[in-house]
Amino acid sequence: MVERYKSQVAATVIGMLGHCPESEDVGQEVFIRFYKGLKSFKGNSTVGTYITRIAMNLSLNELKRRQREQRTQLTDPAALDRAVDPARNTNFETKQSIRGALMKLVSEQRAVVVLRLVKGHSTKETAEILKVPLGTVLSRLARGQQTLRDYLTTIEEGGAHETETAQASVSVS
Amino acid sequence: MKRKPHKLLYRSLDKDLSPEEAVRLVDALDNSLDLEQEKHQLLSLRADLGTLGNEQFSDHFSDSVMDKVIRMQFAENDKVSRFSSLSVVFRPIALAALVTIAALVPFNMYIGYELEENRTEAMLALATDVILLEEMP
């Protein structure tokens, strides 16, 4: 069971929390919760959906805990540096910059984006996992994509500006 | 008015549009380079997000989970065995008490019947007479 579903859990948990030690702990907790709740599993949804729901709930709890501790949401500062600092990263379409941008989203939007666009669930499944109406999923998805696009565009423009400045300084020297 | 084609564009990526809406979107895309560019950016963004789906935990992840499950099972079994050892100790005492009660109740009922006392009180071996203390002379 662990072997079969660990990739699904990893995509959800790492998508929500980023690469950090807590992700692994939350991932383990997902399977422990699943094991404990096995008797109450009625089979109304598939095992994959059930496990993804546990993973999403625990990830959202972890994000709330981080907010309480007023920690930064981005747990991989190097990823943010690469995403934000154009001098270090000339290719803004890399996984790191996308991941960094994803961490900029508020948790509700991030949850929808991770389930729909990272994990590839349908909008209906996403609504089922998060227990929110379909319209809410669509609006959060639109706002999330808009934020991601704006953020990545800003980085790209910043990067282009840095490159131009660098080229100008080279030609002057 | 400006946001409407954008909304249609975002919706079109996750939901089927009505034929009328689809025509409106196509018209808007034909007439706006910005919108066309936004569409390409969105499709590119969605494709990039899709590549994040193959994240993996560390190699020892499954072993760690199984270790935790086994430890949990041991803890549960330990609780159960403590409870069962307690029940083993107290079971003879409880049985003896039950047998005593079962023997005393009919006996008391019989005595009560013989003495024509209230049956319930006799059954429970309760005192029926009020004891008055004599006044001191």
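Residues numbered from 1 in each chain as written. Chains lettered and ligands numbered in written order. Predicted model: local features only at pLDDT ≥ 70, side-chain atom pairs only at ≥ 80, totals over all residues. Heavy atoms only, no water.

### Some thoughts on the overall build of chain A
So the rule is basically this: Per the convention used, a helix needs a DSSP run of H or I reaching at least four residues, while a strand needs a run of E reaching at least two, with both numbered from the N terminus. Residue burial is assigned from relative accessible area. The probe radius is 1.4 Å, only protein chains are included, and a residue is buried under 20% of its type maximum, exposed over 50%, and partly exposed in between. Each accessible area value is a Shrake-Rupley result obtained with a 1.4 Å probe; residue values ignore everything except the protein chains displayed when judging cover.
Counting secondary structure elements, chain A contains 8 helices and 0 strands. Listed by position from the N terminus, the elements making up chain A come as α-α-α-α-α-α-α-α. Here chain A, with 173 residues, has 51% of them falling under the buried criterion. Counting every atom, chain A has about 8,600 Å² of accessible surface; 51% of that belongs to carbon and sulfur.

### Regarding helix 2 (residues 21-36) of chain A
Which entries qualify depends on this criterion: Expected span, for any helix, means 1.5 Å times one less than how many residues it has.
With 16 residues, helix 2 of chain A should reach 22 Å at 1.5 Å per residue; the first-to-last C-alpha distance of 23 Å fits that figure. Residues A:Glu22, A:Ser23, A:Glu24, A:Val26, A:Gly27, A:Gln28, A:Val30, A:Phe31, A:Ile32 and A:Phe34 constitute the buried set of helix 2 of chain A.

### Let's talk about the pattern of salt bridges
Our working definition: In the sections that follow, a salt bridge refers to a side-chain nitrogen of Lys or Arg positioned within 4 Å of a carboxyl oxygen of Asp or Glu.
Taken as a whole and judged by the stated rule, the model has 10 salt bridges over all chains. Here A:Glu62 and A:Arg65 are joined by a salt bridge, their closest N and O atoms 2.8 Å apart. Here the residue A:Glu62 and the residue A:Arg65 both occupy positions in helix 3 (residues 47-68), the gap between them amounting to 3 residues, near one helical turn. Owing to a relative accessible area of 10%, A:Glu62 belongs among the buried residues under this scheme. Its salt-bridge partner being B:Arg11, residue B:Glu21 comes within 3.2 Å of it at the nearest N-O pair. One end of the pair, B:Glu21, is in helix 2 (residues 19-31); the other, B:Arg11, is in helix 1 (residues 3-14), with 10 residues separating them in the sequence.

### Thoughts on unusual backbone geometry
One non-glycine residue, A:Lys131, lies in the positive phi region at around 55°. Here A:Lys131 lies in the loop between helix 7 (123-130) and helix 8 (134-172).

### Topic: the packing of aromatic side chains
Two descriptors summarise a pair of aromatic rings, namely the distance from one centre to the other and the angle between the planes of the rings. The condition that has to hold: Two rings belonging to Phe, Tyr or Trp (six-membered ring only in the last case) form a pair when the distance between their centres is within 6.5 Å. Interplanar angles under 30 degrees mark stacking, angles over 60 mark edge-to-face geometry, and anything in between is tilted.
Under the definition given, this model contains 4 aromatic pairs over all chains. A centroid spacing of 4.2 Å and a plane angle of 15° characterise the contact between B:Phe57 and B:Phe61, whose relative ring orientation is stacked. The class for B:Phe61 is buried, based on a relative accessible area of 0%. Chaining the aromatic ring pairs together yields one cluster made of A:Phe31, B:Phe57 and B:Phe61.

### Here we look at the interface of chain B and chain A
Basically, it comes down to this: Contact definition: two residues touch when any of their heavy atoms are within 4.5 Å. Joining two parts hides part of their accessible area as seen by a 1.4 Å probe, and the buried area is that hidden amount summed over both.
Counting from both sides, the interface comprises 32 residues of chain B and, opposite them, 37 residues of chain A. Overall, the association of chain B and chain A removes approximately 3,300 Å² of surface from exposure, summing both partners, and the carbon and sulfur fraction of that is 62%. Three residues, B:Leu49, B:Glu55 and B:Phe57, lead the burial of chain B against chain A; their summed loss comes to 20% of the area buried on that side. Summed over the shared surface of chain B and chain A, the result is 3 salt bridges.

### With respect to the nonpolar core
Selection rule: Among buried residues, the Ala, Val, Leu, Ile, Met, Phe, Trp, Tyr and Cys ones that are joined through side-chain atoms within 4.5 Å form a nonpolar core.
Formed by 61 residues in total, the largest nonpolar core has its most connected members in A:Val9, A:Phe31, A:Leu102, A:Val113, A:Leu148 and B:Leu49. A total of 8 residues in this core trace back to one element, the largest contributor, which is helix 1 (residues 2-17) of chain A. When neighbours within four sequence positions are excluded, A:Val113 is seen to be in contact with A:Leu102, A:Leu105, A:Val118, A:Leu141, A:Gly144, A:Leu148 and B:Leu49.

### Topic: the environment of A:Gly48
Mapped onto the elements, A:Gly48 comes out in helix 3. Beyond its immediate chain neighbours, meaning those up to four positions away, A:Gly48 contacts A:Tyr5 and A:Gln8.

### Details of the packing of helix 2 of chain B against helix 3 (residues 33-50) of chain B
All names here are of chain B. Stated precisely, the cut-off is as follows: With axes taken as lines fitted to C-alpha atoms, and helix axes fitted only over the stretch in contact, angles between N-to-C directions fall between 0 and 180 degrees. Orientation categories follow fixed angle ranges, with anything under 35 degrees roughly parallel, anything over 145 roughly antiparallel, 65 to 115 roughly perpendicular, and all other angles oblique. When residues are sorted by character, Ala, Val, Leu, Ile, Met, Phe, Trp, Tyr, Cys and Pro go into the nonpolar class, Asp, Glu, Lys and Arg into the charged class, and all the rest, Gly among them, into the polar class.
At a closest axis distance of 5 Å, the pairing of helix 2 and helix 3 adopts a crossing angle of 110°. Here helix 2 is positioned roughly perpendicular relative to helix 3, judged by the angle of their axes. On helix 3, the residues touching Ala28, Leu29 and Asn31 of helix 2 are Leu33, Leu35, Glu36 and Lys39. For the contact of helix 2 with helix 3, the class distribution of residues is 4 nonpolar, 1 polar and 2 charged.

### Here we look at a nonpolar patch on the surface
The condition that has to hold: Patches in this entry comprise residues that are over 30% relatively accessible and not in a salt bridge; like charges within 9 Å are linked, as are nonpolar side chains (Val, Leu, Ile, Met, Phe, Trp, Tyr) within 5 Å.
Residues B:Leu86, B:Val89, B:Phe90 and B:Ile93 make up a contiguous nonpolar surface patch of about 410 Å² in total accessible area. Turning to its location among the elements, B:Leu86 is positioned in helix 4 (residues 61-115).

### Points about the side chain of A:Ser23
Checked against the element boundaries, A:Ser23 lands in helix 2. On the basis of relative accessibility, which here comes to 2%, the residue A:Ser23 falls in the buried class. Setting aside chain neighbours within four positions, we find A:Ser23 in contact with A:Val13, A:Ile14, A:Leu17, A:Gly18 and B:Phe57.

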